[in-house]
Amino acid sequence: MKKVGLYFGTYNPIHIGHLVIANHFAEHTDLDEIWLVVTPHNPFKKKKTLLDNYQRLEMVFKATEGFEHLKPSDIEFKLPQPNYTSDTLIYLQEKYADYEFALIMGEDNLNSFHKWKNYEVILEHHHLYVYPRVPARTIADESLLKHPKIHIVENAPIMEISSSFIRDEIKSGKNVKPLLPGSVWNYIDDNLFYK
């Protein structure tokens, strides 16, 4: 049975922080593959800075080339909007019956996990792999740390890079090349994105 970790994000743009974390989970857990699931544009949210779904997917394709265990995924593009993680998991489990799917999330998401739609059902059927966002433990609900399906992945590099920071820097004409895979930087630059 193939174990797949789902790492959801808008990836607007994908940056080295995303890759470092995804690769850490591929190398330091029992997950066979990490799927970087590009979250589609929510039609109910007006967001000028959010690139088109397929432009963001293209950046994830470019960024993950050469990483054997990292795969771009557009699975949510095909699902009705607005979309919930619980629905995506049901869809994936039906489509890939011989795969086992887990969620990858930051500590901040774990703290609000109890507010997710059908979070108990998710936890009943799927494991969660959590990366700490800050060196000090900030899990609000201590019982989550003892849950058999929640795995805090220790020694994950702390990445203090955000896509919004990168967009702002590009807009103000700063050089962000070191924060992006080369192919992603070229794609953004060639298309004048985030200017």
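Residues numbered from 1 in each chain as written. Predicted model: local features only at pLDDT ≥ 70, side-chain atom pairs only at ≥ 80, totals over all residues. Heavy atoms only, no water.

The chain appears in an unreviewed UniProt entry as Probable nicotinate-nucleotide adenylyltransferase from Pustulibacterium marinum. Turning to the chain, the UniProt record has this under Pathway (unreviewed entry): "Cofactor biosynthesis; NAD(+) biosynthesis; deamido-NAD(+) from nicotinate D-ribonucleotide: step 1/1." Within the UniProt record for the chain, the comment given under Catalytic activity (unreviewed entry) is "nicotinate beta-D-ribonucleotide + ATP + H(+) = deamido-NAD(+) + diphosphate". (UniProt positions renumbered as here; feature names shortened; annotations may be inferred.)

What follows is about the packing of aromatic side chains. The full count for this structure, using the stated rule, is 14 aromatic pairs. Summarising the aromatic geometry, the rings of W35 and Y99 are spaced 6.1 Å apart at their centres and angled 65 degrees between planes, so their arrangement reads as edge-to-face. Of this pair, W35 sits in strand β2 (residues 33-38) while Y99 sits in strand β4 (residues 99-106), and the two are 64 residues apart along the sequence. Assigned by exposure class, W35 and Y99 land together as buried. Between the aromatic rings of Y187 and F193, the centroid separation amounts to 5.5 Å while the plane-to-plane angle is 70 degrees, which identifies the pairing as edge-to-face. The class for F193 is buried, based on a relative accessible area of 9%. Taken together through their ring pairs, the aromatic side chains of Y7, Y11, F25 and Y131 make up a single cluster. (Phe/Tyr/Trp six-rings, centres within 6.5 Å; stacked < 30°, edge-to-face > 60°. Helix = DSSP H or I, 4+ residues; strand = E, 2+ residues; numbered from the N terminus. Buried < 20%, exposed > 50% of the residue type's maximum accessible area, 1.4 Å probe, protein only.)

Here 6 strands make up an open sheet; going across it, the order is β3-β2-β1-β4-β5-β6 and the pairing parallel. Looking at the sheet topology across the chains shown, the edges are occupied by β3 (70-73) and β6 (150-152). Strand after strand, the sheet turns through a mean of 30 degrees between neighbouring axes, direction not considered. The pairing of strand β1 (residues 2-9) with β4 spans 6 bridges and is classified as parallel. Across the sheet, K2 pairs through a bridge with Y99, a residue of β4. (Pairing = 2+ DSSP bridges. Axes fitted to C-alpha atoms, helices over the stretch in contact; angles between N-to-C directions.)

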